[in-house]
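# Understanding the architecture of this molecule
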Amino acid sequence: MESRYAVVHYAEIGLKGHNRGFFERMLARRIEERLQDIGPAFVERLPGRFLVRLPRPVPEAIWVERLRTVFGIAYFAPAIPAPKDLTTLTEIVLRHLPSEPVPSFCIRASRADKSFPLTSQEIERHIGAAVQRQTGWRVDLSEPAWVAYIEIATNTALVYFARHRGPGGLPVGVSGRVGLLLSGGIDSPVAGYFMLKRGCEVIPIHFHSGPFGDWAASEARAMAIVRQMRPYGMPPWLYVVPIGEPQRAIVLAAPAPYRLILYRRLMVRVAEALTRQEGGLALVTGDSLGQVASQTLESLTAIEDAATMPILRPLIGLDKVEIIDRARAIGTYELSILPGEDCCQFLMPPRVITRPSVETVREIESRVRMEELVQQALAQAMRVPVSDSTPIPVMHPERPSSA
Ligand code: ATP
Ligand code: MG
């Protein structure tokens, strides 16, 4: 169905008083942004739902493609606004009957306006009887093959025929800001997705080993991931921080098994500084417990020891397959498995300690001038814009993945 209008429902659980207005305004803004290029969209707040209006009709598939990525939406449907008049509503339903006979149908009515003279059930019976007279189709209230929905709002009624699931969650912006350590691997984009879903604005921060190794490939991949996640509410930019020089200083001073932990402690400090500067309150990583050597409780403790902000790890209890499924659905999986390393080979330690003690890590770290390395990295941090034309890197299977 082509439509200029869509009805949008959000999950209301937990929304009270002042909170509710804030939530609704943010959701309306996110919907408007998501429709900007085919808009301007106008979002009207009806009791418990929105009516979204575009300047011209668009196919149902466009509504679905757009609104299924706006967090805070429970479900939505392209809709037909109509006067609150039973005869007109009946006519609209009869005009939109499926062209082929269906085994069963039902009418589902709801009233946000309780002053409407008929109850929901009376509306359903009246329109249902008219459909039955015209088609002879059987009414099935539990598993109908076709449904017409009627909503009676304050100034208008709405008719629609297919409900689409939204992504749930909270509108981006109601939960504050977080800095995301975005590696370009499979996990951290998914971690960012979950934070966006809980209403956080995400500040993506990518570290690479520049000026060493193929840092440009690493940066291009991180940019492509941010671009791919724009529909979910990622900003049109990311921080890119070359840390090859500080990493080399760590290689010279620290035993190999401890290097990775020290790199991570460096990243945490730099990411905190950038996050704080952007008004953020926490860091987010793609750690999943036990997945690799640096994700044991001991390692996480040794890394977190360098942080003053909380480090959130939304994937901590997920299995790799669950993370991969989610990455596929978001569309970042294909980008994450492209060849290209964040860290060039000579900086990669041959062996990684799995159960470091915080005391030992601190002692080893004291052999480098960590604060200077942090400042050196911060001085090179760049906020790189990501546009809709940011290239998606292509894979060259014939070229061996460079180090
Ligand atoms: P990912 O798939 O996100 O790379 P991973 O399973 O490969 O995760 P690690 O490489 O140990 O795990 O990294 C753990 C987390 O540390 C990542 O999820 C990410 O949040 C952060 N991280 C690691 N490397 C980088 C990097 N180069 N830039 C930004 N963040 C990083
Ligand atoms: Mg990784």
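Since the model is a prediction, treat every value here as computed from it, not as a measurement.

## Looking at the overall build of the chain
On a plain count of helices and strands, the chain comes out with 13 helices and 15 strands. The C-alpha extent of the chain, read off along each of the three principal axes, is 85 × 50 × 35 Å. Residue burial in the chain is summarised as follows: out of 403 residues, 52% are buried. In the chain, 80% of the contacts between residues at least 6 apart in sequence involve partners at least 24 apart. Accessible surface computed for the chain: about 18,500 Å², of which carbon and sulfur atoms make up 53%. Separation between the mean location of the 46 positive side-chain charges and that of the 42 negative ones in the chain comes to 3 Å.

## Describing the environment of Met370
Looking at where Met370 falls in the secondary structure, it is placed in helix H13 (residues 370-380). Given the relative accessible area of 7%, Met370 is considered buried. Along the primary structure Met370 and Val159 are separated by 211 residues, whereas in three dimensions their C-alpha atoms are 63 Å apart. Apart from the residues within four sequence positions on either side, Met370 is in contact with Leu262, Leu266, Arg269 and Glu365.

## Notes on the domain arrangement of the chain
Interfaces are frequently sized by the accessible area removed from exposure as the parts join. Split into domains, the chain comes out as domain 1 (2-165) and domain 2 (177-385). The C-alpha-based centres of domain 1 and domain 2 are spaced at 43 Å. Taken together, the contact pairs four residues of domain 1 with five residues of domain 2. Taken over both partners, the interface formed by domain 1 and domain 2 buries close to 490 Å², and the fraction arising from carbon and sulfur atoms is 63%. The largest share of the area that domain 1 buries against domain 2 comes from Arg34, Thr69 and Phe71, three residues that together contribute 83% of it. Counting the contacts that link domain 1 with domain 2 gives one residue pair in polar contact (both at pLDDT 80 or more).

## Observations regarding the packing of helix H8 (residues 256-277) against H13
Relative placement of two packed helices is described by the angle separating their axes and the distance separating the axes. Between H8 and H13, the shortest axis-to-axis distance is 10 Å and the interhelical angle comes to 55 degrees. In terms of orientation, H8 lies oblique with respect to H13. H13 is crossed by H8, and the crossing has right-handed handedness. From H8, Leu262, Leu266, Arg269, Val270, Ala273 and Leu274 reach across to H13, where they touch Met370, Leu373, Val374, Ala377 and Leu378.

## Remarks on the site of ligand 1
Around ligand 1 sit 19 residues in total, of which Leu181, Ser183, Asp187, Ser188 and Gln291 are the nearest. Backbone polar atom of Phe207 to a nitrogen atom of ligand 1: 2.8 Å apart, as the coordinates give it. In the model, an oxygen atom of ligand 1 is placed 2.8 Å from a nitrogen or oxygen of the Gln295 side chain. Surface burial for ligand 1 is 88%, taken as the share of its 570 Å² of free accessible area covered by protein chains.

## Notes on helix H6 (residues 215-228)
Spanning 14 residues, H6 covers 20 Å between terminal C-alpha atoms, matching the ideal 20 Å at 1.5 Å per step. Among all positions of H6, only Ser218, Glu219, Arg221, Ala222, Met223, Ala224, Ile225 and Val226 are buried. Elements in contact with the buried residues of H6: helix H5 (187-197), strand E11 (201-208), strand E12 (237-242), helix H11 (333-336) and strand E15 (382-385).

## Quick word on the confidence of the model for the chain
Averaged over the chain, the pLDDT score is 93; the fraction of residues at 70 or greater is 96%. A low-confidence stretch, residues 395-403 (pLDDT under 50), is modelled with eight contacts involving residues beyond four sequence positions or located in other chains.

## Comments concerning the nonpolar core
In this structure, Ile205, Phe207, Val241 and Val270 are the most contacted members of the largest nonpolar core, which totals 38 residues. The set of elements that each furnish at least two residues to this core consists of E11, E12, helix H7 (244-253), H8, helix H9 (297-304), helix H12 (358-365) and H13. The biggest single contributor to this core is H8, with 11 residues. Setting aside residues no more than four positions away along its own chain, Val270 makes contact with Phe207, Val241, Val374, Ala377 and Leu378.

## A look at the pattern of salt bridges
Considering all chains together, one arrives at 22 salt bridges under this definition. One salt bridge in this structure joins Arg265 and Asp305, with 3.0 Å as the shortest N-O distance. Here Arg265 is found in helix H8, whereas its partner Asp305 is found in the loop between H9 and strand E14 (311-312), with 40 residues between them in sequence. The class of Asp305 is partly exposed, set by a relative accessible area of 24%. Residue Arg313 is joined to Glu304 by a salt bridge in which the shortest nitrogen-to-oxygen separation is 2.9 Å. Residues participating in the shared-partner salt-bridge network are Arg265, Arg269, Asp305, Arg362 and Glu365.

## As for the packing of aromatic side chains
Under the counting rule described, the total for this entry stands at 10 aromatic pairs. With centroids separated by 5.8 Å and ring planes inclined at 75 degrees, the aromatic side chains of Trp237 and Tyr239 adopt a geometry described as edge-to-face. The pair Trp237 / Tyr239 is uniform in exposure class, with both members buried. Within the aromatic cluster, the residues linked to one another by ring pairs are Phe71, Tyr193, Phe194 and Tyr232. Its end group placed over the ring of Tyr333, Arg328 keeps NZ or CZ at 4.4 Å from the ring centre. When the ring centre of Trp237 is taken as reference, the NZ or CZ atom of Arg383 above it lies at 3.7 Å.

## Things to note about the sheet that holds E12
Spatially, E14-E13-E10-E11-E12-E15 is the arrangement adopted by the six strands of the open sheet, whose pairing is mixed. With one partner strand each, in any of the chains shown, E14 and E15 form the two edges of the open sheet. Contacts from H8 reach strand E10 (177-181), E11, E12, strand E13 (282-284) and E14, with the element oriented near 145 degrees to E11.

What counts, and at which threshold
Residues numbered from 1 in each chain as written. Chains lettered and ligands numbered in written order. Predicted model: local features only at pLDDT ≥ 70, side-chain atom pairs only at ≥ 80, totals over all residues. Heavy atoms only, no water. Helix = DSSP H or I, 4+ residues; strand = E, 2+ residues; numbered from the N terminus. Buried < 20%, exposed > 50% of the residue type's maximum accessible area, 1.4 Å probe, protein only. Contact = heavy atoms within 4.5 Å. Areas by Shrake-Rupley, 256 points an atom, 1.4 Å probe, with all protein chains shown as cover. Lys, Arg positive; Asp, Glu negative; His and termini not counted. Charge placed at Lys NZ, Arg CZ, Asp CG, Glu CD. Domains from an automatic or database assignment. Buried area = accessible area lost by both parts, 1.4 Å probe. Polar contact = N/O pair within 3.5 Å; in protein donor to acceptor, adjacent residues only side chain to side chain. Axes fitted to C-alpha atoms, helices over the stretch in contact; angles between N-to-C directions. Parallel < 35°, antiparallel > 145°, perpendicular 65-115°, else oblique. Left-handed = near helix turned anticlockwise from the far one by under 90°. Near = heavy atom within 4 Å. Expected span 1.5 Å × (residues − 1). pLDDT = per-residue confidence, 0-100. Core = buried A, V, L, I, M, F, W, Y, C linked by side-chain atoms within 4.5 Å. Salt bridge = Lys/Arg side-chain N within 4 Å of Asp/Glu carboxyl O. Phe/Tyr/Trp six-rings, centres within 6.5 Å; stacked < 30°, edge-to-face > 60°. Lys NZ or Arg CZ within 6 Å of the ring centre and 35° of its normal. Pairing = 2+ DSSP bridges.

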